[in-house]
Amino acid sequence: MAELPVVPGDDAAAPGKGPTAPREVPAAPGAVPASRRARFPRLLPRRWRPLMRRLWPTTVRARATAGAVVVVAAALALASVALLGLLRAGMLRNAERDAEEQAAAVAQLAAGGRLDRMRAPLHGADFVQVVNARGRVLRATPNLAGLPPLGPPGPPRPGTAFHTWRIRPLGGEHRQRVVQVTTQTPDGLVTVYVGTSLRDVDAADDTTTAALLAGGPLLLALVAWVTWRVTGRALGPVEAIRAEVAGISDRDLHRRVPVPPTGDEVARLARTMNSTLDRLESSGIRQRQFIADASHELRSPLTVLRTQLEVALAVRDPELWPELISGALEDTDRLERLCSDLLLLARIDAAQPAASVRLDLGDLVRDAVDARLGDRVPVRVHAEDGIVVEGSELWLTRVVTNLLDNAQRFADRRVDLTLRATGGPGTRTAVLEVRDDGPGIPPADRERVFERFTRLDDARSRDHGGAGLGLAIARDLAAHHGGTLTAEPSPTPGARLLLRLPVAPPSPSPSPGGTGGRQQT
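About the thresholds
- Residues numbered from 1 in each chain as written.
- Predicted model: local features only at pLDDT ≥ 70, side-chain atom pairs only at ≥ 80, totals over all residues.
- Heavy atoms only, no water.
- Core = buried A, V, L, I, M, F, W, Y, C linked by side-chain atoms within 4.5 Å.
- Buried < 20%, exposed > 50% of the residue type's maximum accessible area, 1.4 Å probe, protein only.
- Helix = DSSP H or I, 4+ residues; strand = E, 2+ residues; numbered from the N terminus.
- Contact = heavy atoms within 4.5 Å.
- pLDDT = per-residue confidence, 0-100.
- Expected span 1.5 Å × (residues − 1).
- Pairing = 2+ DSSP bridges.
- Salt bridge = Lys/Arg side-chain N within 4 Å of Asp/Glu carboxyl O.
- Axes fitted to C-alpha atoms, helices over the stretch in contact; angles between N-to-C directions.
- Parallel < 35°, antiparallel > 145°, perpendicular 65-115°, else oblique.
- Left-handed = near helix turned anticlockwise from the far one by under 90°.
- Nonpolar A, V, L, I, M, F, W, Y, C, P; charged D, E, K, R; others polar.

Undergrad: Hey, could you run me through the nonpolar core in this one?
TA: Within soluble globular proteins, side chains that are nonpolar generally end up buried alongside one another. Of all hydrophobic cores here, the largest spans 49 residues; its most connected members are L361, V400, L403, V415, L417 and L499. The element contributing the most residues to this core is helix α8 (residues 393-410), with seven residues. Apart from the residues within four sequence positions on either side, L499 is in contact with V399, L403, A430, V431, L432, A478, T484 and L485. Among the nonpolar cores identified, the runner-up in size contains 15 residues, and A110, M118, V181 and V194 belong to it.

Undergrad: What is the right way to look at the environment of D187 in this model?
TA: As for its position among the elements, D187 is in the loop between β5 (176-185) and β6 (188-197). Taking the C-alpha atoms as reference points, D187 and A133, separated by 54 residues in sequence, lie 9.3 Å from one another.

Undergrad: Is there a simple way to explain the confidence of the model for the protein in this structure?
TA: For any part of a model where pLDDT is low, the fine detail of the predicted coordinates should not be relied upon. Of the residues in the protein, 78% reach a pLDDT of 70 or more, and the chain-wide mean stands at 77. No element of the protein has a lower mean pLDDT than strand β1 (residues 6-8), at 39, and none a higher one than strand β13 (residues 496-502), at 93. With pLDDT under 50 throughout, residues 458-463 is counted as low confidence; its partners more than four residues away or in other chains account for nine contacts. Taken together, the stretch residues 513-521 has pLDDT below 50 and engages in 21 contacts with residues farther than four places along the chain or on a different chain.

Undergrad: For this particular structure, what's the right way to read helix α6 (residues 321-349)?
TA: Since the α-helix packs 3.6 residues into each turn, any two residues three or four apart lie on the same face. Taking 1.5 Å per residue as the helical rise, α6 with its 29 residues ought to reach 42 Å, and the 42 Å between its terminal C-alpha atoms agrees with that figure. Of the surrounding elements, those touching the buried residues of α6 are α5 (265-314), α8 and α9 (470-480). Count one or two residues on from α6 and you reach A351, which has phi positive near 55°.

Undergrad: What is the right way to read the pairing of β13 from this model?
TA: Each regular strand shows side chains that alternate between the opposite faces of the sheet. Judged by how many residues are buried, β13 sits mostly within the fold: five of seven residues are covered. Note that strand β11 (residues 429-436) and β13 share seven bridges and pair antiparallel. What sits directly across from R435, in β13, is R496. Bridge count for strand β12 (residues 484-487) against β13 is four bridges, and the pairing is antiparallel. Note that in β13 the partner of A487 across the bridge is L497.

Undergrad: Sorry if this is basic, but what is going on with α5 here?
TA: Between the first and last C-alpha of α5 there are 72 Å, a value that for 50 residues agrees with the 74 Å anticipated at 1.5 Å per step. Looking at α5, one finds that the buried residues are V266, A267, A270, N274, L277, G284, D293, A294, E297, P301, L305 and Q308. Considering only its buried residues, α5 is in contact with α4 (199-246) and α6.

Undergrad: In this structure, what is going on with the pattern of salt bridges? I would like to understand it.
TA: Considering all chains together, one arrives at 21 salt bridges under this definition. The closest approach of N and O atoms between R366 and D385, which form a salt bridge, is 3.6 Å. A residue pair is termed long-range when its members are at least 10 positions apart, and R366 in helix α7 (residues 361-370) and D385 in the loop between β8 (379-383) and β9 (388-391) qualify at 19 residues. Given a relative accessible area of 32%, D385 falls into the partly exposed group.

Undergrad: Explanation requested: the packing of α6 against α9 in the structure shown.
TA: Axes are the key here: two packed helices are described by the angle between their axes and the distance separating the axes. Viewed as axis vectors pointing N to C, α6 and α9 meet at an angle of 30°, and their least axial separation amounts to 11 Å. What the angle tells us is that α6 and α9 run roughly parallel. At the point where α6 passes α9, the crossing takes the left-handed sense. Here α6 contributes D341, L344, L345 and I348 to the contact with α9, which in turn contributes I473, D476 and L477. In terms of residue class, the contact of α6 with α9 is made up of five nonpolar, no polar and two charged.

Undergrad: Hey, could you run me through the sheet that holds β11 in this one?
TA: Adjacent strands of a sheet pair through backbone hydrogen bonds, lying either parallel or antiparallel. Pairing is mixed in the open sheet, where five strands are placed in the order β8-β10-β11-β13-β12. With partners counted over all chains shown, the strands left at the sheet margins are β8 and β12, one partner each. Within this sheet the neighbouring strands show an average axis-to-axis angle of 15°, counted without direction. Both β8 and strand β10 (residues 415-422) contribute to a ladder of five bridges, which runs parallel. Each residue of the ladder has a partner; that of V381, found in β10, is L417. Its contacts with the sheet place α7 against β8, β10, β11 and β13, and it is angled at close to 170° to β8.

This is how it looks when you write it as structure tokens:
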């Protein structure tokens, strides 16, 4: 018997077809694993680092394009592997099904002792060979005439098995999927071999692989081009915003960045940038106006003080010196108060925090009134007890003092201070009302009086004093403590100012109680 011209192959794939398991090579002692070389680029050779730095994308547009290409390439590779696997598995199942049906039919004939009725292979089967337990060929199709048994030597094993072989007489360029069925016959065990060509499977595999290899780079190039163009169009407004902001200096804060009509994140960024520029411009205008007003307010008492000193130097009469020195001291006090106010405003604008403690607001108001000496009109105080707030005692006293100074400046016969608490538990608000019986504040000026260096017509007299900073400082200090200061309509003639401050939550430790509400004049 001639040697069987059969080359057995692996069930997964033949040599040169499909993926093959990589051969594992033991790592050399002390070698760095490849995974660590990928994760730690510092371990790469130094000569590669400059090249990697040059190839690494540095712009958002390039990084977005590179990221899109990498993601699509990974997805395309996974999809290609899955597609090839599913295609190969599906076509292989179809081939096995046809061959298995043919093998089952021949095995049934062999089991009934009717091998002589075996016909030519049906569609989907290339050859049939029947071999007994002693290795003798009982039946074979003409294309296997004279060939030895296809199976390996040894006793057959009952059941069904699948093999992939190359049989040269049938065309070695294509593989054959062989179905082996072993059954019991009256003469003993018989093995039926039915083979079907994998020509169509290999052709479909090769065609699909070639299509993927040709179409993959084209798809990646298209993705790169589209991503580059789209990111360029998306980042174009950002570059316009950057260029405009780079050209804005402190002298042309009126300029604004272009807002694209897209309504997306870039448009919101442009609107936010314009809002920031609006605030910067307003801050610059306020700062310049503040400097001009402060310079003007400082220049007036300095001019008067200089005049008085020059007069005192020119006049040699000692009897006039006390009057001149008294006037100079008044202007010096005015300068000192103005400088103190300016320093306080600078501290408030810089958001410098002051020491915050729990205070009984009623006691603070009464102490501030008691400390005043020489008021032109009497002050009547009615304050509820137990109204506790958190804040700076010095700054809150300054708020009450400024409100009293303003009321004293315009009152005719009286000034009323009323302290009460409104709201429920957890939302209580302390309300301090300061009322006078003066000319009042016109409705159009109820917000303007809180602007810095703002004085209404009735307050422009130098005899009244003040630089127009008292109410502005009081409102800023109230806002610093989380409260508000407003000018509201009064049911009686005169001005009515309301200070609102949040009441502090109850303290675990008992706080000293007040002395009870009281009326004083």
